[in-house]
Amino acid sequence: MEPRIEYIKAAPPVTISTISLLGIPLNEWVFISTIGYTVLLTIFLIRDKLVYPWLERRRAMKRANYGDR
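One structure accompanies this document, and this report is about it.

The next point concerns the overall build of the protein chain. Secondary structure summary: the protein chain contains two helices and zero strands in total. In terms of overall size, the protein chain is more extended than a compact globule, its C-alpha atoms giving a radius of gyration of 22 Å where 69 residues would be expected to give roughly 11 Å. Each of the three principal axes of the protein chain carries a C-alpha extent, and together these read 65 × 35 × 15 Å. In the protein chain, which comprises 69 residues, the proportion classed as buried is 1%. Only carbon and sulfur atoms are counted for the fraction: they give 69% of the accessible area of the protein chain, which is about 6,400 Å². Each charge class in the protein chain was averaged separately, 10 positive and 6 negative side chains, and the resulting centres sit 12 Å apart.

Here it is, written out as structure tokens:
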């Protein structure tokens, strides 16, 4: 288990170093990460505020319809 933790700890610096070697400077890396993080937060917000309540209402309607039989 210990080697996994060490690999996880080393992943961010290694990723940034590799991307810097590929020609993407650190400020652009931060910009790309921020865009990705914002997209993920938007997806989770939509899922929690729109999709889950809609699914729950749908399940409740199905329970109500099957209860009538």
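Right, picking up where we left off after that structure.
A word on helix 1 (residues 2–21). In this model helix 1 runs 29 Å from its N-terminal to its C-terminal C-alpha over 20 residues, within 8% of the 28 Å that 1.5 Å per residue would give. Where helix 1 bends most, the angle comes to about 40 degrees, and this point is Ala11, followed within four residues by the proline Pro12. Two residues or fewer after helix 1 comes Gly23, characterised by a positive phi angle close to 105 degrees.

The next point concerns the environment of Ala60. By secondary structure assignment, the location of Ala60 is in helix 2 (residues 26–67). It is 23 Å that separates the C-alpha atoms of Ala60 and Phe44, two residues lying 16 residues apart in sequence.

Attention now goes to the pattern of salt bridges. Under the defined criterion, the tally for this structure stands at three salt bridges. Note that Arg59 is salt-bridged to Glu56, the shortest N-O span being 3.6 Å. Of this pair, Arg59 and Glu56 both sit in helix 2, three residues apart, roughly one helical turn.

A few words on the environment of Leu26. Within the fold, Leu26 resides in helix 2. Owing to a relative accessible area of 47%, Leu26 belongs among the partly exposed residues under this scheme.

Conventions we followed
- Residues numbered from 1 in each chain as written.
- Predicted model: local features only at pLDDT ≥ 70, side-chain atom pairs only at ≥ 80, totals over all residues.
- Heavy atoms only, no water.
- Helix = DSSP H or I, 4+ residues; strand = E, 2+ residues; numbered from the N terminus.
- Rg over C-alpha atoms; globule rule 2.2 N^0.38 Å.
- Buried < 20%, exposed > 50% of the residue type's maximum accessible area, 1.4 Å probe, protein only.
- Areas by Shrake-Rupley, 256 points an atom, 1.4 Å probe, with all protein chains shown as cover.
- Lys, Arg positive; Asp, Glu negative; His and termini not counted.
- Charge placed at Lys NZ, Arg CZ, Asp CG, Glu CD.
- Expected span 1.5 Å × (residues − 1).
- Bend = angle between axes of the 7 residues up to and from the residue.
- Salt bridge = Lys/Arg side-chain N within 4 Å of Asp/Glu carboxyl O.

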